[in-house]
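# Descriptive structure summary
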Amino acid sequence: MGTLAIQRLQLPFWPSAALAVAAWLVAWFAAWPVSQWLAFDLLGFQPGSSLGEATAFFLYDVPKVLLLLTGIVTLVSWLRSYVPPQRVRAALAGRGEVAGTVAAASFGVVTPFCSCSAVPLFIGFLQAGIPIGVTLAFLISSPLVNEVALVLLWGLFGPQVAILYMAAGLSVAIVGGLVLGRLPLERFLEPWVLEARQTAPVTAPVEHRPTTEQRLRDAWSSTRSLVRKVWPWVVIGIGVGAFIHGYVPTEFIVQVGGAGNPLAVPLVVALAVPLYAGVAGVIPIVEALLDKGLPLGTVLAFMMATVAISLPEFVILRRVARPPLLAIFLGVVVAGILAVGFLFNALGM
Amino acid sequence: MVKIEVLGSGCANCQKLEQNAREAVTLAGVDAEVVKVTDYGEIAARGVLSTPGLAIDGDVKSTGRIPTPGDIAEWLSSAG
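Thresholds, definitions, all that
Residues numbered from 1 in each chain as written. Chains lettered and ligands numbered in written order. Predicted model: local features only at pLDDT ≥ 70, side-chain atom pairs only at ≥ 80, totals over all residues. Helix = DSSP H or I, 4+ residues; strand = E, 2+ residues; numbered from the N terminus. Rg over C-alpha atoms; globule rule 2.2 N^0.38 Å. Buried ≥ 20, exposed ≤ 12 C-beta atoms within 10 Å, placed from the backbone. Contact = placed C-beta atoms within 7 Å. Pairing = 2+ DSSP bridges. Axes fitted to C-alpha atoms, helices over the stretch in contact; angles between N-to-C directions. pLDDT = per-residue confidence, 0-100. Expected span 1.5 Å × (residues − 1). Parallel < 35°, antiparallel > 145°, perpendicular 65-115°, else oblique. Left-handed = near helix turned anticlockwise from the far one by under 90°. Nonpolar A, V, L, I, M, F, W, Y, C, P; charged D, E, K, R; others polar. Arc of directions from axis to C-beta. Right-handed = clockwise from strand over helix to strand, strands pointing away.

## Quick word on the overall build of chain A
- In terms of helices and strands, chain A carries 16 helices and zero strands.
- By the compact-globule yardstick of 20 Å for 349 residues, chain A fits well, its C-alpha radius of gyration being 22 Å.
- If you line up chain A on its principal axes, its C-alpha atoms span 70 × 65 × 30 Å.
- Across the 349 residues in chain A, those meeting the buried criterion constitute 42%.
- For chain A, contacts bridging at least 24 residues in sequence account for 87% of all contacts bridging at least 6.

Structure follows, in structure tokens:
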């Protein structure tokens with residue numbers, strides 16, 4: 001039996017965690033007064049001036065968004081660690097198609113999911129006898145109802161918009177999954193996948209469940225790498241948002257992006273695709289646009305397209321599925337997003 | 001010799017796990033080799049649905065997360 005040669009030095013966990021929470025709360029409540037003081041007292045801008053308001057907005061939004069990200073993504077990541085894909089697979093196996101699709105879409109919302117896991121997950125689900133449509137419903141809702149997006153929406157717009165976003169995302173996943181389930185997609189699976197499907201799945205090994213402290217450390221560490229990747233986008237996004245806030249006239253936004261312009265929704269969906277990594281930066285821009293009158297349908301379509309259409313994930317899925325299946329999958333997702341956009345705009349929400 | 005397998009396709013998380021595994025080998029002071037499993041079929045066959053996964057002597061210890069070198073070293077100590 002080996003023995004630990006060196007004890008690694010780690011900060012005492014629970015005291016550090018408590019301190020971090022306290023620091024977060026202080027920063028959260030100080031953001032508004034400090035930003036106002038910085039913009040109007042220290043820097044001397046005139047309240048009500050375009051530049052002054054834009055600067056104050058920027059100085060308030062940057063810490064606010066970053067705090068939201070760190071706080072809530074950590075919390076959500078921790079909670080999600082309790083719903084790993086193995087459990088989802090066990091829960092979905094053997095269900096009827098419709099119930100399975102709804103369940104898969106719902107699980108997709110709460111399951112942590114990394115694009116690099118797409119292939120083993122896809123195969124693993126198929127091996128358990130889960131139909132392609134149900135599996136795809138999960139693959140649609142998982143990235144679509146993205147926790148970063150939900151957190152930011154809730155924080156910036158309140159619960160109604162966040163819930164609407166989630167409901168819209170679930171609908172796209174469920175309807176998409178049901179439609180895809182009707183289509184003869186088997187023939188577009190790579191041959192080796194069909195072979196692998198013949199083997200029964202491994203009875204899940206006795207899982208070494210992480211402790212609460214490990215889960216929290218994991219959540220914090222993945223939040224840190226997320227924020228590290230994403231904070232430049234956030235700053236840029238807020239800068240653009242501040243600019244729109246201060247300088248872009250409402251009439252322009254309503255005209256170009258509004259319900260009266262049928263090209264608005266397809267346009268934002270097209271714009272959104274390359275912005276996949278930048279969802280955190282996109283939302284502050286969206287906040288400013290919404291404030292200026294961009295209708296909710298266009299906003300929802302834009303946000304959903306940003307997170308749902310991940311080109312890296314499609315590249316990875318090419319290992320299991322031939323281009324026709326990928327194209328059909330993409331088509332159904334895009335159609336769903338467009339439908340959501342048009343519907344919300346038409347309803348005047 | 002203890003066999004440590006890192007199951008994953010080679011993205012940043014898998015690389016981090018491999019790094020942690022190698023550090024753990026030093027920490028625990030055991031005789032072990034670190035092997036990468038990148039074939040998707042094999043990964044799924046082992047019951048790993050979310051990468052990266054870690055197995056010690058064939059026993060899958062974790063999936064979907066990156067255990068610290070300390071965690072892995074503890075498993076190594078009890079595996080010997």
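More follows now that the structure is in view.
## Some details on the sheet that holds strand β3 (residues 53-56) of chain B
Residues and elements named next belong to chain B.
- The strand order across the open sheet formed by four strands is β2-β1-β3-β4, and the pairing between neighbours is mixed. Both edges of this open sheet fall to β2 (32-37) and β4 (59-63), since each of them pairs with a single strand only. Along the sheet, successive strands turn relative to each other by an average axial angle of 20°, direction set aside.
- Docked against the sheet, helix α1 (residues 12-28) engages β1 (2-7), β2 and β3, running at close to 170° with respect to β2.

## Side note on the environment of tryptophan 28 of chain A
- For tryptophan 28 of chain A, the location among the structural elements is in helix α1 (residues 13-42).
- Along the chain, tryptophan 28 of chain A and proline 63 of chain A lie 35 residues apart, while their C-alpha atoms are 7.9 Å from each other.

## A word on the environment of threonine 111 of chain A
Residue and element names in this part refer to chain A.
- Structurally, the position occupied by threonine 111 is in the loop between α4 (97-110) and α5 (118-127).
- Each C-alpha atom of the pair threonine 111 and proline 143 lies 9.7 Å from the other, and the pair is 32 residues apart in sequence.
- Excluding its chain neighbours within four sequence positions, the residues that come into contact with threonine 111 are Arg80, Val83, Pro85, Val88 and Ser142.

## Looking at the confidence of the model for chain A
- Confidence along chain A averages 83 in pLDDT terms, with 92% of residues attaining 70 or more.
- When the criterion is pLDDT under 50, residues 1-8 of chain A qualifies, and its contacts beyond four places in sequence or with other chains add up to 19 contacts.

## Structural notes on the pairing of β3 of chain B
Residues and elements named next belong to chain B.
- Burial along β3 is two-sided: the face carrying Gly53 and Ala55 and the face carrying Leu54 and Ile56 are both buried.
- Where β3 and β4 come together, four bridges link them in antiparallel fashion. Bridge pairing in β4 places isoleucine 56 opposite aspartate 59.
- Taken together, β3 and the strand that follows it, β4, pair antiparallel across an intervening segment of two residues, in which aspartate 57 is found at a positive phi of about 50°.

## Quick look at helix α16 (residues 323-346) of chain A
Residue and element names in this part refer to chain A.
- Given a rise of 1.5 Å per residue, 24 residues ought to cover 34 Å, and the 34 Å separating the end C-alpha atoms of α16 matches this to within 8%.
- Looking only at α16, the buried set comprises Leu325, Phe329, Val332, Val333, Val334, Gly336, Ile337, Val340, Gly341, Phe344 and Asn345.
- Along its buried surface, α16 packs onto α6 (132-144), α8 (159-182), α12 (264-272) and α14 (296-308).
- Immediately beyond the C-terminal end of α16, within one or two residues, lies glycine 348, with a positive phi of roughly 70°.

## Some details on the environment of valine 268 of chain A
All names here are of chain A.
- If you trace the backbone, valine 268 turns up in helix α12.
- In this structure valine 268 comes out as buried when scored by C-beta crowding, with 25 C-beta atoms within 10 Å.
- Each C-alpha atom, one on valine 268 and one on isoleucine 285, is 13 Å from the other, the two residues being 17 residues apart in sequence.
- In this structure valine 268 touches Thr298, Ala301, Phe302 and Ala305, once residues within four positions along its chain are discounted.

## Looking at the packing of helix α3 (residues 85-92) of chain A against α4 of chain A
Residue and element names in this part refer to chain A.
- Remark: α3 packs on α4, axes separated minimally by 10 Å, with the N-to-C direction vectors making an angle of 165°. Our classification of the angle between α3 and α4 gives roughly antiparallel. With respect to the hand of their crossing, α3 and α4 are arranged in right-handed fashion. Residues Val88, Ala91 and Leu92 of α3 pack against Gly100, Ala103, Ala104 and Phe107 of α4.
- Residues that form the contact of α3 with α4 fall into these classes: six nonpolar, one polar and no charged.

## Quick word on the confidence of the model for chain B
- Residues with a pLDDT of 70 or more make up 98% of chain B, whose mean pLDDT is 89.
- Listed scores for the predicted complex are pTM 0.81 and ipTM 0.87.

## Here's the deal with α12 of chain A
All names here are of chain A.
- For α12, the set of buried residues is Ala264, Val265, Val268, Val269 and Ala272. Taken around the axis of α12, the buried residues stretch over an arc of 130°, which confines them to a single face.
- Looking at the buried positions of α12, the neighbouring elements they touch are α11 (250-257), α14 and α16.

## As for the pairing of β2 of chain B
All names here are of chain B.
- The pairing of β1 with β2 spans six bridges and is parallel. The residue of β2 that forms the bridge with lysine 3 is glutamate 33.
- Regarding topology, α1 serves as the crossover connection from β1 to the parallel β2, and that connection is right-handed.

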